[in-house]
Amino acid sequence: AQSVTQLDSQVPVFEEAPVELRCNYSSSVSVYLFWYVQYPNQGLQLLLKYLSGSTLVKGINGFEAEFNKSQTSFHLRKPSVHISDTAEYFCAVSLSGTYKYIFGTGTRLKVLA
Amino acid sequence: DGGITQSPKYLFRKEGQNVTLSCEQNLNHDAMYWYRQDPGQGLRLIYYSQIVNDFQKGDIAEGYSVSREKKESFPLTVTSAQKNPTAFYLCASSIAGGNSPLHFGNGTRLTVT
């Protein structure tokens, strides 16, 4: 069965510091990978996606992620965070040829002044 | 601008009552989804629909029902059979499955007392 693991439920970081949010997945079939951001009481917004090609993917708001097939990881990074990046971040995978999207349990990023 | 509209944003009901959550999209997407979000549990799929007049159960369909009579609309009914209906409900759509990212509405927070 496929699964997505976000090991860190909360990540505090000071403003202008770098951050990495970890995501690991397990799947025996090809997957597509996504990161979403959710602000309080709102829906999820797509940050970036990996479908194929270059393993380094750049997204909105200065975020990027690297697909590592051997480690089945898709970690999200930002070199310098802002207060406005405080939100919950979800990693998700979808299975090739299906309508099935599997979400991690989320990582709450709190940026401190 | 195209998007997904969920209404109402907050909904309060007494136990034993059925309640219907609205979801409308003007993105011309074929696929639509309903997810339930509970703290610390990520998103869990309730139902999805690939095309008008067709829908499939997700992982937690018990106590819920849907219809897809129009491409733009995918209402969710939370029935009295749902044992723990209080949650944040998110509607989403996608062009197709798999490699298409999900677009989300802003959610409906349902409280049942």
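Right, let's walk through the structure included here. Quantities reported herein were computed from a predicted structural model and do not represent experimental measurements.

**With respect to the overall build of chain B**
A count of helical and extended segments in chain B gives zero helices and 11 strands. For chain B, the C-alpha radius of gyration of 13 Å lies close to 13 Å, the compact-globule estimate for 113 residues. The principal-axis extents of the C-alpha atoms in chain B amount to approximately 35 × 30 × 25 Å. Looking at chain B residue by residue over its 113 residues, the buried ones come to 49%. Look at the contacts in chain B between residues 6 or more apart in sequence, and 51% of them connect residues 24 or more apart. Summed over all atoms, the accessible surface of chain B reaches about 5,400 Å², with 46% contributed by carbon and sulfur. Averaging the locations of the 11 positively and 10 negatively charged side chains of chain B gives two centres separated by 7 Å.

**Overview of the nonpolar core**
Of all hydrophobic cores here, the largest spans 30 residues; its most connected members are A:Leu33, A:Trp35, A:Leu47, A:Leu48, A:Phe74, A:Leu76 and A:Tyr89. Looking at this core, the elements with two or more residues in it are β2 (10-14), β3 (19-21), β5 (31-38), β6 (44-50), β8 (64-68), β9 (73-78), β10 (87-95) and β12 (107-112) of chain A. The element best represented in this core is β10(A), accounting for five residues. Discounting chain neighbours no more than four positions away, the residues touching A:Leu47 are A:Trp35, A:Tyr36, A:Val37, A:Gly59, A:Ile60, A:Asn61, A:Phe63, A:Leu76 and A:Tyr89. Listed in part, the 21 residues of the second largest apolar core include B:Val78, B:Tyr89, B:Leu110 and B:Val112.

**A closer look at the interface of chain B and chain A**
In this complex, chain B contributes 27 residues to the contact, which on the side of chain A involves 21 residues. Broken down residue by residue, the surface that chain B buries against chain A is led by B:Gly98, B:Asn99 and B:Pro101, which jointly contribute 24%. Along the contact surface separating chain B from chain A lie one salt bridge. Among the salt bridges present, the one from A:Lys100 reaches B:Asp59, with a minimum N-O distance of 3.6 Å. Counting across the chain B and chain A interface gives six residue pairs in polar contact (both at pLDDT 80 or more). Elements with a contribution of two residues or more to the side of chain B that touches chain A: β4 (31-37), β5 (43-51) and β9 (87-94) of chain B. If you tally residues by element for the side of chain B that touches chain A, the top one is β4(B), at four residues. Taken together, the residues that form the side of chain B that touches chain A break down as 12 nonpolar, 12 polar and three charged.

**Focus: the pairing of β10(A)**
Residues and elements named next belong to chain A. Judged by how many residues are buried, β10 sits mostly within the fold: nine of nine residues are covered. Taking every second residue as pointing to the same face, both faces of β10 are buried, with Ala 87, Tyr 89, Cys 91, Val 93 and Leu 95 on one and Glu 88, Phe 90, Ala 92 and Ser 94 on the other. Bridge count between β10 and β12: three bridges; the pairing is antiparallel. Counterpart to Glu 88 in the pairing with β12 is Arg 108. Two elements, β10 and strand β11 (residues 101-103), share three bridges in a ladder whose sense is antiparallel. Note on β11: the bridge partner recorded for Ala 92 is Phe 103. Here β10 folds back onto β11, and the loop between the two strands holds five residues, one of which, Gly 97, carries a positive phi near 80 degrees.

**As for the pattern of salt bridges**
Residues and elements named next belong to chain A. Per the counting criterion, the structure on display carries 11 salt bridges over all chains. Of the charged contacts, one joins Glu 64 and Lys 58 as a salt bridge, the two residues approaching to 2.9 Å between their closest N and O atoms. In this structure, Arg 108 engages Glu 88 in a salt bridge whose closest nitrogen and oxygen atoms are separated by 3.2 Å. Here the residue Arg 108 occupies a position in strand β12, and Glu 88 occupies one in strand β10, the gap between them amounting to 20 residues.

**Quick word on the layout of surface pockets**
Its volume calculated, the largest pocket comes out at about 460 Å³. Forming the walls of the largest pocket are 26 residues, and the residues nearest its centre are A:Gln38, A:Pro40, A:Glu88, A:Arg108 and B:Gln37. Of all the elements in the fold, those that place two or more residues in the lining of the largest pocket are β2, β10 and β12 of chain A together with β9 of chain B. Grouping the amino acids of the lining of the largest pocket by side-chain chemistry returns 10 nonpolar, 11 polar and five charged. Computed from the structure, the second largest pocket encloses a volume of approximately 190 Å³. Around the second largest pocket, the lining residues are A:Tyr25, A:Ser27, A:Ser28, A:Val29, A:Ser30, A:Val31, A:Tyr32, A:Tyr50, A:Leu51, A:Phe67, A:Lys69 and A:Thr72. Residues belonging to the lining of the second largest pocket are distributed by class as follows: seven nonpolar, four polar and one charged.

About the cut-offs
- Residues numbered from 1 in each chain as written.
- Chains lettered and ligands numbered in written order.
- Predicted model: local features only at pLDDT ≥ 70, side-chain atom pairs only at ≥ 80, totals over all residues.
- Heavy atoms only, no water.
- Helix = DSSP H or I, 4+ residues; strand = E, 2+ residues; numbered from the N terminus.
- Rg over C-alpha atoms; globule rule 2.2 N^0.38 Å.
- Buried < 20%, exposed > 50% of the residue type's maximum accessible area, 1.4 Å probe, protein only.
- Contact = heavy atoms within 4.5 Å.
- Areas by Shrake-Rupley, 256 points an atom, 1.4 Å probe, with all protein chains shown as cover.
- Lys, Arg positive; Asp, Glu negative; His and termini not counted.
- Charge placed at Lys NZ, Arg CZ, Asp CG, Glu CD.
- Core = buried A, V, L, I, M, F, W, Y, C linked by side-chain atoms within 4.5 Å.
- Buried area = accessible area lost by both parts, 1.4 Å probe.
- Salt bridge = Lys/Arg side-chain N within 4 Å of Asp/Glu carboxyl O.
- Polar contact = N/O pair within 3.5 Å; in protein donor to acceptor, adjacent residues only side chain to side chain.
- Nonpolar A, V, L, I, M, F, W, Y, C, P; charged D, E, K, R; others polar.
- Pairing = 2+ DSSP bridges.
- 1 Å grid on protein atoms, 1.4 Å probe; cavity = no way out; pocket = protein on both sides within 12 Å on 5 of 7 lines; lining within 4 Å.
- Points joined across faces, edges and corners; volume = space filled by probe spheres on them.

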